[in-house]
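Each chain, written out:
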Amino acid sequence: MKKFSLFLMLGAAFLTFNACKSELDLDKELKFSKLSVEEQKQKIEESGTEFIDAMEGMQETQAMTTMMNMLTMTGGEVFSAPMQKLSVDIKNARKDAFTNFDKQMRVSYVDSEVWGEYEYNFETEEMEKTKDLTNKIVARFPATAASTKNNAVITITYEESSVVVPDSDGEKYPSKITYKMTVDSKEVMSAEFSGTYYSDGSPKKVTQSLKMDDYKWTAEIANDQKTASESYEFKKGSKTMIKSVAEVSGTLKADELQDAIDNESPQDAIEKFAVYFQVMNVAVKGGTSDFKKMADEGQALDSEKLSDKEYAEKTAEILNKYMVCTAFFVDDNRKFADVELYVVEEVDQYTYYDWYQEKYVTETHYYYNLAPRFVLSDGSKVDAQEYVQEGFDDLIKRLQDMTGSYDNQ
């Protein structure tokens, strides 16, 4: 289907990545790195391996070992659901471990019947509920398999907002959820969610945090209905491992924005957007300051008069005209490439037996998609996927080794 509105979703997709104003400044020109292309690749690879090292280190934290022991003992207890998801995500080095944990916290405890105090019974080898509580869980259990007492404690509290979830049976959004784990009275893990909402349920401001040893995640969503922003940061000590920021401006009341999307005219609500995404020392920033012109030009394309290839090429031309996108190294604030979209031809070929012709017939169909490519300092252009696949042997091997080790667990 040839619809420019689908390509416009590229802009919306940037917001899922899932900063300060300088990081979203699209007008700020960056000088090219003085490193050779091969040296730039090596620098990117070093960032990748450093990230893997840090993610692997998370498995050795006191919180993780205690959590794994709890899951082994309690099995499918309802209050352990967020910990189950978090432990799997960390084992698989997933960057969305934090956001998944936060979602599980809200899903598991909204309108929950699990509230109460629990103690691990060493005789029955089961978690037993000892007391009913309201909107609070206290679970005591051994921190390790060798522990002879319940020296680990998880405390979870829940507070409800006054805003009712649309199309629900009166359920209300959470205003605050806290999580704390201690071992021998020392805090080893903590997390908090807090949120305020408009009457239609759309978020006004939501903040999230999770701390485990010297690893820390923070995230925030804010929307004053003129400018909406989303930020996320994952740090080990003082070093940023992942950081993403997105900001969109326009008419952002939920009903008006939904109407614009339903009418396939998001430009009636969105004026501009900017995004920033960083992994270790490598970052990409991009966006457009004139979303309306970009959308209007795209929707003015005559899909009936253009071939699929021509339509894709015109779409890429329009997006590149209005969007700015740059890949750079954070430490010296120098870019290693500009980023542009180009058309990739994909061939779908299949053979079937035609009973009328009494022979096998081969049909070939051509599809045209947009893909990002780097424009390097020497003016050469290379597909982004090809760029990061070539010359990254050590990084790929580490990823394969990591995946293999998890498959065997």
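Provided above is the structure to which this section pertains.
Rules and cut-offs
- Residues numbered from 1 in each chain as written.
- Predicted model: local features only at pLDDT ≥ 70, side-chain atom pairs only at ≥ 80, totals over all residues.
- Heavy atoms only, no water.
- Buried < 20%, exposed > 50% of the residue type's maximum accessible area, 1.4 Å probe, protein only.
- Helix = DSSP H or I, 4+ residues; strand = E, 2+ residues; numbered from the N terminus.
- Pairing = 2+ DSSP bridges.
- Salt bridge = Lys/Arg side-chain N within 4 Å of Asp/Glu carboxyl O.
- Contact = heavy atoms within 4.5 Å.

> What's the story with the pairing of strand β13 (residues 324-329) in this structure? I'm lost.
Both faces of the sheet carry side chains from a regular strand, because those side chains alternate between them. With 5 of its 6 residues buried, β13 lies for the most part within the structure. Pairing analysis gives 4 bridges linking β13 to strand β14 (residues 334-354), with the strands arranged antiparallel. What sits directly across from F329, in β14, is R334. Between β13 and β14, which follow one another and run antiparallel, lie 4 residues, and N333 among them has a positive phi close to 55°.

> Honestly, the pattern of salt bridges in this entry has me stumped. Any pointers?
It is possible for side chains bearing opposite charge to pair when their charged atoms get close. All chains considered together, the criterion is met by 11 salt bridges. Residue K129 is joined to D132 by a salt bridge in which the shortest nitrogen-to-oxygen separation is 3.0 Å. With relative accessibility at 61%, the residue D132 sits in the exposed group. We note a salt bridge from K236 to D214, for which the minimum N-O separation is 3.5 Å. Of this pair, K236 sits in strand β9 (residues 227-236) while D214 sits in the loop between β7 (203-212) and β8 (215-223), and the two are 22 residues apart along the sequence. Residue K236 is classed as partly exposed on the basis of its relative accessible area, which comes to 32%. Given the relative accessible area of 33%, D214 is considered partly exposed. Through salt bridges that share partners, K43, D331 and D332 make up one connected network.

> Could you clarify how one ought to interpret the side chain of Q267 in this entry?
By secondary structure assignment, the location of Q267 is in the loop between α6 (254-262) and β11 (270-279). If we skip the residues at most four places from it in the chain, Q267 touches F291, K292, A295, D296 and Q299.

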